[in-house]
Amino acid sequence: MSEPVRIALFGSTGLVGSQIIREAVGRADLRLTAVARREFGLPAGAHMELIVAGSDAWTDILRTMRPDVVVSTLGTTWKKAERDEEAFRAVDHDLVMEVARAARETGATRFVAVSSVGADYNAKTFYLRVKGETDRDLSHLQFKRLDILRPGLLRGKRDNDLRVLEGLGRLASPVVDLFLQGGAAKARSIPAATVARACLSLAKRKASGRFVHDNDAIRRAAGELGELAA
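Residues numbered from 1 in each chain as written. Predicted model: local features only at pLDDT ≥ 70, side-chain atom pairs only at ≥ 80, totals over all residues. Heavy atoms only, no water.

Comments concerning the confidence of the model for the protein
Here is step 1 of the chain: Confidence in the prediction for the protein averages 87 pLDDT; 85% of positions are at 70 or higher.
Here is step 2 of the chain: Across residues 168–173, where pLDDT falls below 50, the model places nine contacts with residues more than four positions away in sequence or in other chains. (pLDDT = per-residue confidence, 0-100. Contact = heavy atoms within 4.5 Å.)

Next comes the structure, spelled out in structure tokens:
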């Protein structure tokens, strides 16, 4: 049996990050370490490490861990950023890049990042422009393998999060999805659990290159993760 893939996860408390932790439970083919800025409870049956530390310690943590791949699901929302552009950029660009630079500095060659459908550094929408700038800047770091996931609206329950409008949007998404045809289909909603499985599947791939995954590619990758490895 081959050695398990060592994964360092940043963004563990978010919707996709928490799903990654759940999906990793019981998998002998993965060795997951979650790095977070606050403590949280791990799911039942989880045999993984949780490191609580501020971003100033991330480089030292990664140097000690020596992961095969770093996964970032870091991100915030307009509400949490109090509709402040700089506060939003500080997380969705600066913090992601801080993780990525620490990964490169400590020798990591593979990086998986969750972005957003429509991410484009030339976009008129601030949210999509910042996401696009992050994707562009990650590419400049020249990882041996870089996977960027651009899912549509994420479906799933967020712990301790009462964002009413977003919640209503998720409830309405199955209906809205019916009207998203052709090129617009890439904006359809997708379960956060599917994105999480895709992240783990892509973390196991070693082929070199830069890969951008839309909803269809994310679903394919998720389906290739396979059952629990004994």
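Details of empty space enclosed by the protein
Here is step 1 of the chain: Considering all chains together, one arrives at one cavity of 30 Å³ or more under this definition.
Here is step 2 of the chain: Volume-wise, the largest cavity comes out at about 70 Å³.
Here is step 3 of the chain: Lining the largest cavity are Ser 72, Leu 74, Asp 92, Val 96, Ala 113, Val 114, Ser 115, Lys 131, Thr 134, Asp 135 and Leu 138.
Here is step 4 of the chain: Mapped onto the lining of the largest cavity, the elements with two or more residues apiece are helix H3 (85–105), strand S5 (110–114) and helix H4 (126–140).
Here is step 5 of the chain: Here the lining of the largest cavity takes four residues from H4, the largest share from any one element.
Here is step 6 of the chain: Its residues assigned to classes, the lining of the largest cavity comprises five nonpolar, three polar and three charged. (1 Å grid on protein atoms, 1.4 Å probe; cavity = no way out; pocket = protein on both sides within 12 Å on 5 of 7 lines; lining within 4 Å. Points joined across faces, edges and corners; volume = space filled by probe spheres on them. Helix = DSSP H or I, 4+ residues; strand = E, 2+ residues; numbered from the N terminus. Nonpolar A, V, L, I, M, F, W, Y, C, P; charged D, E, K, R; others polar.)

Quick notes on the packing of helix H6 (residues 192–203) against helix H7 (residues 215–223)
Here is step 1 of the chain: Packing of H6 against H7 brings their axes to within 7 Å, and their N-to-C directions diverge by 65°. Regarding the angle of H6 to H7, the classification is roughly perpendicular. Considering the relative orientation of H6 and H7, their crossing is left-handed. The residues of H7 that touch H6, namely those facing Thr 194, Val 195, Arg 197, Ala 198, Ser 201 and Leu 202, are Ile 218, Arg 219, Ala 221 and Ala 222.
Here is step 2 of the chain: Residue classes in the contact of H6 with H7 are distributed as six nonpolar, two polar and two charged. (Axes fitted to C-alpha atoms, helices over the stretch in contact; angles between N-to-C directions. Parallel < 35°, antiparallel > 145°, perpendicular 65-115°, else oblique. Left-handed = near helix turned anticlockwise from the far one by under 90°.)

Looking at H3
Here is step 1 of the chain: Its 21 residues place the ends of H3 28 Å apart at the C-alpha level, agreeing with the 30 Å of an ideal helix rising 1.5 Å per residue.
Here is step 2 of the chain: Residue Val 91 marks the point of greatest curvature in H3, where the axis turns by about 30°.
Here is step 3 of the chain: The set of residues buried in H3 consists of Phe 88, Arg 89, Val 91, Asp 92, His 93, Leu 95, Val 96, Met 97, Val 99, Ala 100, Ala 102 and Ala 103.
Here is step 4 of the chain: Of the surrounding secondary structure, the elements contacted by the buried residues of H3 are strand S1 (5–10), helix H2 (58–65), strand S4 (69–72), S5 and H4. (Expected span 1.5 Å × (residues − 1). Bend = angle between axes of the 7 residues up to and from the residue. Buried < 20%, exposed > 50% of the residue type's maximum accessible area, 1.4 Å probe, protein only.)

Remarks on the nonpolar core
Here is step 1 of the chain: With 35 residues, the main nonpolar core has Ile 7, Val 16, Ile 20, Leu 32, Leu 149, Val 195 and Cys 199 as its most contacted residues.
Here is step 2 of the chain: Only S1, helix H1 (15–24), strand S2 (30–36), S4, S5, H6 and H7 provide two or more residues apiece to this core.
Here is step 3 of the chain: The element that contributes the greatest number of residues to this core is H6, accounting for eight residues.
Here is step 4 of the chain: What Val 195 contacts, discounting residues up to four positions off in sequence, is Val 16, Val 114, Leu 149, Pro 151, Leu 154, Ile 190 and Ile 218.
Here is step 5 of the chain: Residues Ala 103, Ala 113, Phe 143 and Leu 146 belong to the second largest nonpolar core, which totals 26 residues. (Core = buried A, V, L, I, M, F, W, Y, C linked by side-chain atoms within 4.5 Å.)

Some thoughts on the pattern of salt bridges
Here is step 1 of the chain: Following the criterion strictly, the structure yields 13 salt bridges and no others.
Here is step 2 of the chain: The salt bridge partner of Arg 63 is Glu 105, with a shortest N-O separation of 3.5 Å. Taken as a pair, Arg 63 in helix H2 and Glu 105 in helix H3 lie far apart in primary sequence, 42 residues in all.
Here is step 3 of the chain: Residue Glu 105 is classed as exposed on the basis of its relative accessible area of 56%.
Here is step 4 of the chain: Salt-bridge contacts for Asp 135 lead to Arg 150; the nearest nitrogen and oxygen are separated by 3.0 Å. With Asp 135 in helix H4 and Arg 150 in the loop between strand S6 (145–149) and strand S7 (154–155), this residue pair connects regions lying 15 residues apart in the sequence.
Here is step 5 of the chain: Using a relative accessible area of 3% as the deciding quantity, one classes Asp 135 as buried. (Salt bridge = Lys/Arg side-chain N within 4 Å of Asp/Glu carboxyl O.)

Examining the environment of Ser 2
Here is step 1 of the chain: Here Ser 2 lies in the segment before S1.
Here is step 2 of the chain: Separated by 26 residues in the primary sequence, Ser 2 and Ala 28 place their C-alpha atoms 9.9 Å from one another.

Describing the environment of Leu 42
Here is step 1 of the chain: Inspection of the secondary structure assignment puts Leu 42 in the loop between S2 and strand S3 (49–52).
Here is step 2 of the chain: Judged by its relative accessible area of 33%, Leu 42 is partly exposed.
Here is step 3 of the chain: It is 8.9 Å that separates the C-alpha atoms of Leu 42 and Ser 18, two residues lying 24 residues apart in sequence.

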